[in-house]
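Structure at a glance
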Amino acid sequence: MSGNGILIQVQDLVKTFGESVHALNSVTADIRRGEVVCIIGPSGSGKSTFLRCLNRLEDPTGGHIIFDGVDLMDKKTNIDLHRQKMGMVFQHFNLFPNMSILKNMTLAPMKLQGKSKAEAEKEALALLERVGLADRAEAYPNQLSGGQKQRIAIVRALCMKPEVMLFDEPTSALDPEMVGEVLNVMKDLAKEHMTMVVVTHEMGFAREVADRVIFMAEGKIVEENTPEEIFTNPRTERLKNFLGKVI
Amino acid sequence: MADRIYRNFIVDDRWKYMVDGLAVTLEITFFAVIIGIILGFVVAIIRSTYDKTGKLKILNFICNVYLTVIRGTPVVVQLMIIYFIIFGSSRDISKVLVGITAFGINSGAYVAEIVRSGIMSVDNGQFEAGRSLGFSYIQTMRYIILPQAFKNVLPALGNEFIVLLKETSVSGYIATQDLTKAADIIKSRSYDVYTPLLTVAAIYLILVMTFSKLLEIMERRLRSSER
Ligand SMILES: Nc1ncnc2c1ncn2[C@@H]1O[C@H](COP(=O)(O)OP(=O)(O)O)[C@@H](O)[C@H]1O
Ligand SMILES: [Mg+2]
């Protein structure tokens, strides 16, 4: 079922908040293994909701999410187990402020995957090395800059060895001079063929790194294509309009 | 002065009332604090789980009744109800045990609201980060939320236990010989009201100040781990 290289299959996903807010109106999409998918669209179009439904941080109202051949909407599915394979990075980092960087990174592998302290720390340090923050292992989150925090948040998720990484506007809360360092880490991940779903306003990143770009508006996928086509040959008025505003 | 000390403490070894009373006060407070913490955390977790997820509806209802009743009635009345009504038929029950039960149940209600406010004060992003890593609801609470909540409410918790220590002074209503009751007994034998009462007041004061100091040290230590 995970054939065709499809890792996540989203079928007719619906999410409403209360009676009147239709955040997602029957969204259908596939995420293939090793692919980088960028989701763009105006604010309030349902990008975050879509992403957060993928690991059921938001409980969908209807539809199916097939991850690795398992329907995450099935009541019998142990969602905690599947979340271990889906790393998530938030706009506001959400590092644990009462723990050192190393502790932030080793907590989940030790408690959930039964790794020894030594093993978990060794893997964490190797990842810190890769993002150039090995010397900050003993620091606490509020001693770091925003860019450093977000790089830590990324490697914290990577410590669980996920099959896919979900990013929700990872650079939107950063000062402009720190955006590059975070995008670079994400580019490196893409080069290593990590499957990534990235909600972003960084059109340059989407254009350069994405294999596919999804344009959402009003809870629907309006256009879905290669970055080349999306940015140079938009087909709908909506997308033309949107690109006109952001570029 | 020497005469007062002699009449209040030396004759018939009256100082023993004080020492025994102090031991009883400390014993009741210590175990009531433990019951209060356990009860308080359980109630707080149930209530905030209901607030966050809408689950545990019935347990939440029971907790609300508990909080309303306990916080809406005086602790002396609760103490007497537990002693004279609930344990009324078994009159040989230890009064200290009754005190521990009553003050523990009472304190649990206040601890619960303190801890709940602590849980609510932790940013929801912490919760989402925990869940997204694969921690279950309970694990997220235990490893991520509660340690932060505890740190946030430590001063309020400390204050609650100081209040509890002082509140145990009403134990005399069920004839428990705690520290306050000891002063009462001595005063009725020495015919001196000043010395025993002022002595007991000084002992409470020293206990409270020592406890406050310990809390301050603990807080500072917890905070320094975050810088
Ligand atoms: N927790 C929520 N409660 C109510 N409405 C929400 C909630 N989260 C999102 N929404 C609404 O759903 C719609 C889509 O939101 P969102 O997915 O955050 O959009 P985007 O990420 O594209 O800006 C918006 O109208 C938003 O107001
Ligand atoms: Mg969003």
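To keep things clear, this report deals only with the structure shown in the data block. Numbering of residues starts from 1 in every chain and runs along the sequence as written. All chains are assigned letters beginning at A, and all ligands numbers beginning at 1, according to the order in which they are written. Selection of residues for local features in this predicted model requires a pLDDT of at least 70, selection of side-chain atom pairs for listing and counting requires 80 or more, and totals for whole chains, interfaces and linings are taken over all residues. Side-chain calculation: all heavy atoms of the structure are included, whereas hydrogens and water are not.

1. Focus on the overall build of chain B
Put simply, DSSP marks the helices as runs of H or I at least four residues long and the strands as runs of E at least two long, and each gets a number from the N terminus on. Counting its regular elements, chain B contains nine helices and zero strands. Written out in order from the N terminus, the α and β elements of chain B read α-α-α-α-α-α-α-α-α. C-alpha atoms of chain B, sized along the principal axes, occupy 70 × 50 × 25 Å. Out of the 227 residues in chain B, the part that is buried amounts to 44%. Should any heavy atoms of two residues lie within 4.5 Å, those residues are counted as being in contact. The long-range fraction of contacts in chain B, counting pairs at least 24 apart against all pairs at least 6 apart in sequence, stands at 74%. Buried means the residue's accessible area, taken with a 1.4 Å probe over protein chains only, is under 20% of the maximum for its type, while exposed means over 50%, and partly exposed covers the values in between.

2. Some words on the nonpolar core
Here, nonpolar core means buried Ala, Val, Leu, Ile, Met, Phe, Trp, Tyr and Cys residues that are tied together by side-chain atoms lying within 4.5 Å of each other. Counting residues in each nonpolar core, the largest one holds 72 residues, and the members touching the most others are I8 and F50 of chain A. Ranked by residues supplied to this core, first place goes to helix α7 (residues 137-167) of chain B with 11 residues. Apart from the residues lying within four places of it in its own chain, the contact partners of F50 of chain A are V10, L13, L24, V27, A29, I39 and M216 of chain A. Listed in part, the 51 residues of the second largest apolar core include V36, M105, M203 and L243 of chain A.

3. Quick look at α7 of chain B
One less than the residue count of a helix, multiplied by 1.5 Å, gives the span that helix is expected to have. An ideal rise of 1.5 Å per residue puts 45 Å on 31 residues; α7 of chain B reaches only 36 Å between its terminal C-alpha atoms. Note on bend: at a given residue it equals the angle between the axes fitted to the 7 residues ending there and to the 7 starting there. The largest bend in α7 of chain B comes to about 60°, at V153 of chain B, with the proline P155 of chain B one to four residues further on.

4. Brief notes about the layout of surface pockets
Which parts of space are left empty comes out when a probe the size of a water molecule is rolled across the atoms. The rule is simple: put a 1 Å grid over the protein atoms alone, call a set of points where a 1.4 Å probe fits but cannot get out a cavity, call an open set with protein on both sides within 12 Å along at least five of seven lines a pocket, and count a residue as lining if it has an atom within 4 Å of a point. Grid points are joined across faces, edges and corners, and a volume is the space filled by probe spheres set on the points. Size it by volume and the largest pocket reaches roughly 580 Å³. Along its surface, the largest pocket is lined by 18 residues, and L57 and R83 of chain A together with T53, R131 and Y137 of chain B are the ones closest to its centre. Sorting elements by how many residues they give to the lining of the largest pocket places helix α6 (residues 124-133) of chain B first, with four residues. The class makeup of the residues in the lining of the largest pocket is four nonpolar, four polar and 10 charged. Within this model, the second largest pocket holds a volume of roughly 480 Å³. Taken together, 18 residues line the second largest pocket, and the ones lying closest to its centre are T29, F30, V33, F161 and F211 of chain B. Of all the secondary structure elements, the ones that give two or more residues to the lining of the second largest pocket are α2 (15-53), α7 and α9 (194-224) of chain B. Ten residue types, Ala, Val, Leu, Ile, Met, Phe, Trp, Tyr, Cys and Pro, are classed as nonpolar, four, Asp, Glu, Lys and Arg, as charged, and the remainder, Gly among them, as polar. Tallied by class, residues from the lining of the second largest pocket come to 15 nonpolar, three polar and no charged.

5. Topic: the sheet that holds strand β1 (residues 6-17) of chain A
Paired through backbone hydrogen bonds, the strands of a sheet run either parallel or antiparallel to each other. Residue and element names in this part refer to chain A. Taking strand neighbours across the sheet as the criterion, the four strands line up as β2-β1-β4-β5 in an open arrangement whose pairing is antiparallel. Each edge of the open sheet is held by one strand with a lone partner, namely β2 (21-32) and β5 (70-71). We call two strands paired when DSSP finds no fewer than two bridges between them. The sheet contact formed by strand β4 (residues 62-67) and β5 spans two bridges and is antiparallel. The partner of F67 across the bridge, within β5, is V70. Inter-axis angles, ranging from 0 to 180 degrees, are taken between N-to-C directions of lines fitted to C-alpha atoms, where helices are fitted over the stretch in contact. Running over the sheet, helix α1 (residues 47-54) touches β1, β2 and β4 and is turned about 125° from β1.

6. A look at empty space enclosed by the protein
Counted by the stated rule, this structure contains one cavity of 30 Å³ or more. Each pocket or cavity is described by its volume, and for the largest cavity that value is around 30 Å³. If you go around the largest cavity, the residues you meet are M88, F90, A153, R156 and A157 of chain A together with A129, S132 and L133 of chain B. Within the residue set of the lining of the largest cavity, elements represented by two or more residues are α5 (146-158) of chain A together with α6 of chain B.

7. Examining the packing of aromatic side chains
Between 30 and 60 degrees the pair is tilted, below 30 it is stacked and above 60 it is edge-to-face, where a pair is any two Phe, Tyr or Trp rings, Trp via its six-membered ring, whose centres lie within 6.5 Å. Counting across every chain of the model gives five aromatic pairs over all chains. Their ring planes at 85° and their centres at 5.1 Å tell us that F30 of chain B and F31 of chain B sit as a pair that is edge-to-face. Here the aromatic rings of F135 of chain B and Y143 of chain B are separated by 5.8 Å at their centres, their planes lie at 55°, and the arrangement is tilted. Neither residue differs from the other here; F135 of chain B and Y143 of chain B are each classed as buried. We count a charge as sitting over a ring when the NZ of a lysine or the CZ of an arginine lies within 6 Å of the ring centre and within 35 degrees of the ring normal. Positioned above the aromatic ring of F17 of chain A, the side-chain terminus of K15 of chain A is 4.9 Å from the ring centre. Geometry around F96 of chain A places R156 of chain A over its ring, the cationic atom sitting 4.3 Å from the centre.

8. Comments concerning the pattern of salt bridges
Side chains carrying opposite charge are able to pair once their charged atoms draw close together. Salt bridge, as used here: a side-chain nitrogen of Lys or Arg that lies within 4 Å of a carboxyl oxygen of Asp or Glu. Under the defined criterion, the tally for this structure stands at 32 salt bridges over all chains. R131 of chain B is paired through a salt bridge with D80 of chain A; the nearest N and O atoms lie 3.2 Å apart. With R131 of chain B in helix α6 and D80 of chain A in helix α2 (residues 79-83), the pair connects residues from two separate chains. Taken individually, R131 of chain B and D80 of chain A each receive the classification buried, so the pair is uniform in this respect. Here the salt bridges share partners, and the residues they tie into one network are R32, E35, R212 and E224 of chain A.

9. Some thoughts on the interface of chain B and chain A
Contacts between chain B and chain A engage 21 residues on the former and 25 residues on the latter. A simple way to read buried area is as the amount of 1.4 Å-probe accessible surface that goes missing from two parts once joined, with both sides added. Across the chain B to chain A interface the summed buried area is about 2,000 Å²; carbon plus sulfur atoms make up 56%. Mapped onto the side of chain B that touches chain A, the elements with two or more residues apiece are α6 and α7 of chain B. At eight residues, α6 of chain B tops the list of elements feeding residues into the side of chain B that touches chain A. Residue composition of the side of chain B that touches chain A, by class: six nonpolar, nine polar and six charged.

Purely geometric numbers; function is a separate question.
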